[in-house]
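Chain by chain, the residues run as shown.
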Amino acid sequence: MELFFKMPSKKARKVMCDASLELGNRPRGNEYKINAENSIKEVTGHKYARVVCSGNAAIMAVMSNLKGPIMVPDQGGWSGFMKIAKLFGLEIISVPTKMGIIHPETLDEHFKQIKPQSLFITSFAGYMAEQPVKEIYECCEDNGVILVEDASGSVGDPRGKLSCGDTAHIIVASTGSPKMVNLANGGFISTTNPKIFEDTHYILKTLQGSPVTCAGLTEEIKNAPENLLKTIKACEFLKKEIKTVLHPDKSGINVAVPVNEPKPVAKTLRKEIKVNGGGMITVCPRYDRINKPAVCLEIKNLDIRCLEENNLSEIAETVNNTI
Ligand SMILES: Cc1ncc(COP(=O)(O)O)c(C=O)c1O
């Protein structure tokens, strides 16, 4: 079995090389920026978009314009939400979840206890199970809460369920490595509410993405739908083949396997499942995934060309023999 860590596509790397030769050419730089913003708007359905230098920069720019409190899931979110909120001195409220999944029926009650100004979620709880984003959005709308969806793992969802402008007030995403739009750096923000960008001119200028990132993004975002669907399908297969997994019935882009001793299990799996150019095993408990002992198979880290059934069967067999 030969597995490869996800790399930006050849086409994206080529346009990034070409763009790097034009650094300093302002009109060309501006063209790259406008094209990238247009491609983001097309994919998210939002009216406004900005390219920034990383996913955390996108979160930072959004939070710079918020007063708080900000609400985050108690697990399965992104630790950057809390780190950046602390930098801005924003109050943080944690909402209870079922293994990372927010239940819209109880969200209303939580909003009534302490009303946050915004709710920050990732499209997939811990990358392993998709959030009921539409229902969460409706609850946010009813309560005047701004929903910020971190769509690093779901940009381009052709099913229209995640990373969709109709069901998020603001979308932020990392286009770093290894994400669905896989450029090794960069990120973006999109929204239809012009107020989100009010008074953020200076911070957006400070955090802006380079023309090279913009050129790559315009190209690589075209691959996001296929990247996402193939990764979800591979995880669906693995969730059926592996003895015990968390969230067996939910779609995700990684697979979490609960184990009592995650560190030695991860060590064995890293030896048995080699990935050229990177890794694919992470260890929990960890806020970004799940707050219980588990190992995660980060299928999202793999080049989709290696997600064939024979490789996936071998991964499942190795995991079943190790746990
Ligand atoms: C869900 C999520 N959001 C944001 C980030 C931060 O992205 P960046 O490394 O581009 O700042 C990451 C990074 O892994 C992430 O997984």
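Residues numbered from 1 in each chain as written. Predicted model: local features only at pLDDT ≥ 70, side-chain atom pairs only at ≥ 80, totals over all residues. Heavy atoms only, no water.

Engineer: I would appreciate a short explanation of the overall build of the protein chain in the present structure.
Structural biologist: The number of helices and strands found in the protein chain is 11 helices and 14 strands. In terms of C-alpha radius of gyration, the protein chain reaches 19 Å, essentially the compact-globule figure of 20 Å for 323 residues. By its C-alpha atoms, the protein chain is 55 × 55 × 35 Å across when sized along the principal axes. By residue count, 56% of the 323 residues in the protein chain fall in the buried class. For the protein chain, the share of sequence-separated contacts (at least 6 apart) that also reach a separation of at least 24 residues comes to 69%. Working note: accessible area of the protein chain is about 14400 Å², and carbon and sulfur atoms make up 51% of it. Between the centroid of the 40 positive side chains of the protein chain and the centroid of its 37 negative side chains there is a distance of 5 Å. (Helix = DSSP H or I, 4+ residues; strand = E, 2+ residues; numbered from the N terminus. Rg over C-alpha atoms; globule rule 2.2 N^0.38 Å. Buried < 20%, exposed > 50% of the residue type's maximum accessible area, 1.4 Å probe, protein only. Contact = heavy atoms within 4.5 Å. Areas by Shrake-Rupley, 256 points an atom, 1.4 Å probe, with all protein chains shown as cover. Lys, Arg positive; Asp, Glu negative; His and termini not counted. Charge placed at Lys NZ, Arg CZ, Asp CG, Glu CD.)

Engineer: Looking at this structure, how should I read the environment of Ala-12?
Structural biologist: With respect to the element layout, Ala-12 can be found in helix α1 (residues 10–20). Residue classification places Ala-12 among the buried residues on the basis of a relative accessible area of 0%. Once residues within four sequence positions are removed from consideration, Ala-12 is found in contact with Gly-216, Glu-219 and Glu-220.

Engineer: I'm lost on the site of the ligand in this one. Help?
Structural biologist: Around the ligand, the structure places Ser-54, Gly-55, Asn-56, Trp-78, Thr-122, Tyr-127, Asp-150, Ser-152, Ser-174, Lys-179 and Gly-186. A distance of 2.7 Å is found between an oxygen atom of the ligand and a side-chain nitrogen or oxygen belonging to Tyr-127. Between the ligand and the protein, one listed contact pairs an oxygen atom with a side-chain N or O atom of Ser-174 at 2.7 Å. A total of 390 Å² of accessible area belongs to the ligand in isolation, and the protein chains cover 80% of it. (Near = heavy atom within 4 Å. Polar contact = N/O pair within 3.5 Å; in protein donor to acceptor, adjacent residues only side chain to side chain.)

Engineer: I would appreciate a short explanation of the packing of helix α9 (residues 224–241) against helix α11 (residues 309–322) in the present structure.
Structural biologist: Describing two packed helices takes the angle between their axes plus the distance from one axis to the other. Where α9 contacts α11, the axes come no closer than 10 Å and their chain directions differ by 40°. Read as a crossing pair, α9 and α11 show a hand that is right-handed. Seen from α9, the contacting residues are Ala-234, Phe-237, Leu-238 and Glu-241; seen from α11, they are Glu-309, Leu-312, Ser-313, Ile-315, Ala-316 and Asn-320. (Axes fitted to C-alpha atoms, helices over the stretch in contact; angles between N-to-C directions. Left-handed = near helix turned anticlockwise from the far one by under 90°.)

Engineer: In this structure, what is going on with the sheet that holds strand β2 (residues 48–52)? I would like to understand it.
Structural biologist: What holds strands together in a sheet is hydrogen bonding between their backbones, with the strands either parallel or antiparallel. Spatially, 7 strands are ordered β2-β10-β9-β8-β5-β3-β4 in an open sheet, and the strand pairing comes out mixed. Both outer strands of the open sheet, β2 and β4 (92–95), are each paired with one neighbouring strand and no more. Ignoring which end each strand starts from, the neighbouring axes of this sheet average 20° apart. As judged from the 4 bridges shared by strand β3 (residues 70–73) and β4, these two strands associate in the parallel manner. Within β4, the residue paired with Pro-73 across the bridge is Val-95. The sheet strands contacting helix α6 (residues 133–143) are β5 (118–122) and β8 (146–150), and the helix crosses β8 at an angle near 155°. (Pairing = 2+ DSSP bridges.)

Engineer: In this structure, what is going on with the environment of Met-63? I would like to understand it.
Structural biologist: Assignment of secondary structure puts Met-63 in helix α3 (residues 55–63). Remark: the alpha-carbon pair of Met-63 and Ile-196, spanning 133 residues in sequence, is separated by 9.6 Å. For Met-63, the residues in contact, after removing those within four places along its chain, are Ile-70, Phe-81, Ile-84, Ala-85, Phe-88, Leu-90 and Phe-120.

Engineer: Just checking my understanding: could you explain the nonpolar core for this structure?
Structural biologist: Looking at soluble globular proteins, one finds that nonpolar side chains tend to be buried together. In this structure, Ile-242, Met-280, Leu-297 and Ile-299 are the most contacted members of the largest nonpolar core, which totals 28 residues. For this core, the secondary-structure elements that each account for two or more residues are α9, β11 (255–258), α10 (262–272), β14 (294–297) and α11. At 4 residues, α11 tops the list of elements feeding residues into this core. Membership of the second largest hydrophobic core comes to 25 residues, among which are Val-52, Phe-120, Ile-170 and Leu-204. (Core = buried A, V, L, I, M, F, W, Y, C linked by side-chain atoms within 4.5 Å.)

Geometric descriptors of this kind do not, in isolation, establish any biological role.
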